[in-house]
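Residue-level structure breakdown
The lines below spell out each chain.
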Amino acid sequence: MKLFAYLAYLGTNYSGFQKQKTGQVTIQGVLEETLKVLLPDGFILKGAGRTDKGVHARKQAISFTIHHAVDLEDFRASWNKLLPQDIVISSLKEVPDSFDARHSSVRKVYAYRFSFSEKNPFLVDVAFIKKENFDYSLYQQALSYFLGKHNFQNFTSKEEDIDDFCRDILISQSYWDKDICVSKFEGNGFMRRQVRMMVGAAIEVAYQRKSLSWLEDLLIHPSPRRTIKMVAEAKGLTLEDVLYE
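Source: prediction; values computed, not measured.

**Remarks on the overall build of the chain**
The secondary structure content of the chain amounts to five helices and 10 strands. Computed over its C-alpha atoms, the radius of gyration of the chain comes to 19 Å, within 12% of the 18 Å expected for a compact globule of 245 residues. Along the three orthogonal principal directions, the C-alpha set of the chain runs to about 60 × 40 × 35 Å. Residues classed as buried in the chain amount to 50% of the 245 residues present. Summarising the internal contacts of the chain: among those between residues at least 6 apart in sequence, 72% fall at separations of at least 24.

Structure follows, in structure tokens:
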């Protein structure tokens, strides 16, 4: 029997989603440790993708196999009682055995949030940057450059990629929600640190420390590889959704 779940979490206290061999606390590690209580006869869990250390999720997706039937709502409630306050299973359903949380997904949606206001301990998913010399129009223009199919090898720390670092970005735009700038990205996939590097590059352009032509050149002429060093702070990034057909 295979189950599929959406979960939400604050990544502040975790070393990313994927389980580590070094003993670091991760989202997957906590999920598996709590599942062992409910499923002592074993299971295999897979995530839709990795989130970096300190990155959050509103709708991360996982699938896992179990060896006996369960009441889904009772199981979800019991699992949530075992999980810490900053991780919650929001939905749970049975799926075909052929379903895979990672490989069956068709698109992912991320949002990056930042504010010019003073630091606020209650805004755990918002980064804070200086307003001085920040040109929001340039920031919006920079984001628009990421739209479409590009080789993003200069915007990821990933060393190798089976798709030659090519991704198709369907949405790359920003808007203001009160005093918080929300930058939304939707694409067929994102690589390690890709969204944070895209935002980091756009912020550099907004501060006029880099030009739009610099950004365009990194996308149009990805080789030789020139991986950028601008990486936006992890706390501002949230995996908003994993979409399936």
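**Some thoughts on the pairing of strand β3 (residues 56–65)**
Within β3, seven of the 10 residues are buried, leaving the element largely enclosed by the surrounding structure. As paired strands, strand β1 (residues 2–9) and β3 are joined by seven bridges and run antiparallel to one another. Its bridge partner being in β3, Y9 is matched across the sheet by A57. Here two bridges tie β3 to strand β10 (residues 237–244), and the two strands are oriented parallel to one another. From the neighbouring strand, A57 faces β10, where its bridge partner is L239.

**A closer look at the pattern of salt bridges**
Under the counting rule described, the total for this entry stands at 14 salt bridges. D125 is the partner of R58 in a salt bridge, and the nearest nitrogen-oxygen pair spans 3.3 Å. Here the residue R58 occupies a position in strand β3, and D125 occupies one in the loop between β5 (105–115) and β6 (127–128), the gap between them amounting to 67 residues. We classify D125 as buried; its relative accessible area is 14%. Among the salt bridges present, the one from R58 reaches E240, with a minimum N-O distance of 3.1 Å. Here the residue R58 occupies a position in strand β3, and E240 occupies one in strand β10, the gap between them amounting to 182 residues.

**Let's talk about the packing of helix α1 (residues 27–38) against helix α2 (residues 72–82)**
Relative to each other, α1 and α2 sit at 125°, their axes nearing to 10 Å. The pairing of α1 with α2 is recorded here as oblique in orientation. Seen along the crossing, α1 lies across α2 with a hand that is right-handed. Here L31, T34, L35, V37 and L38 of α1 come into contact with α2, specifically with F75, S78, W79 and L82. Here the residues of the contact of α1 with α2 sort into seven nonpolar, two polar and no charged.

**A closer look at a positive patch on the surface**
A contiguous patch of positive charge, built from R50, R102, R192 and R193, is present on the exposed surface. Residue position: R193 is located in the loop between β9 (180–187) and α4 (194–206).

**Let's talk about the environment of K229**
Tracing the backbone shows K229 in the loop between α5 (212–220) and β10. For K229, a relative accessible area of 80% puts it in the exposed group. Considered as a pair, K229 and A202 are 27 residues apart in the sequence and their alpha carbons are 12 Å apart.

**A short note on the packing of helix α3 (residues 136–144) against α4**
Two quantities define a packed helix pair, namely the angle between the axes and the distance from one axis to the other. Running from N to C, α3 and α4 point in directions that differ by 140°, and their axes come no closer than 8 Å. As for how α3 packs across α4, the hand of that crossing is right-handed. Across from L138, Y139, A142 and L143 in α3, the residues of α4 making contact are V199, A202, I203, V205 and A206. Counted by class, the contact of α3 with α4 contains nine nonpolar, no polar and no charged residues.

**Things to note about the nonpolar core**
Formed by 72 residues in total, the largest nonpolar core has its most connected members in L31, F64, Y139 and F155. The biggest single contributor to this core is α4, with nine residues. Those residues in contact with L31, other than ones at most four positions away along the chain, are L7, F17, L45, I62, W79, L83, I87 and I89. Within the second largest apolar cluster, five residues are counted, among which are A111, F128, I180 and V182.

**Some thoughts on unusual backbone geometry**
Cis rather than trans, the peptide bond between S223 and P224 has omega equal to -5°. In this structure, P224 sits in the loop between α5 and β10. Even without being glycine, D164 reaches a positive phi, approximately 55°. Take D164: it is sitting in the loop between β7 (148–151) and β8 (166–177). For D164, a relative accessible area of 52% gives the class exposed.

Definitions and cut-offs
Residues numbered from 1 in each chain as written. Predicted model: local features only at pLDDT ≥ 70, side-chain atom pairs only at ≥ 80, totals over all residues. Heavy atoms only, no water. Helix = DSSP H or I, 4+ residues; strand = E, 2+ residues; numbered from the N terminus. Rg over C-alpha atoms; globule rule 2.2 N^0.38 Å. Buried < 20%, exposed > 50% of the residue type's maximum accessible area, 1.4 Å probe, protein only. Contact = heavy atoms within 4.5 Å. Pairing = 2+ DSSP bridges. Salt bridge = Lys/Arg side-chain N within 4 Å of Asp/Glu carboxyl O. Axes fitted to C-alpha atoms, helices over the stretch in contact; angles between N-to-C directions. Parallel < 35°, antiparallel > 145°, perpendicular 65-115°, else oblique. Left-handed = near helix turned anticlockwise from the far one by under 90°. Nonpolar A, V, L, I, M, F, W, Y, C, P; charged D, E, K, R; others polar. Patch = residues over 30% accessible without salt bridge, like charges linked within 9 Å, V, L, I, M, F, W, Y side chains within 5 Å. Areas by Shrake-Rupley, 256 points an atom, 1.4 Å probe, with all protein chains shown as cover. Lys, Arg positive; Asp, Glu negative; His and termini not counted. Charge placed at Lys NZ, Arg CZ, Asp CG, Glu CD. Core = buried A, V, L, I, M, F, W, Y, C linked by side-chain atoms within 4.5 Å.

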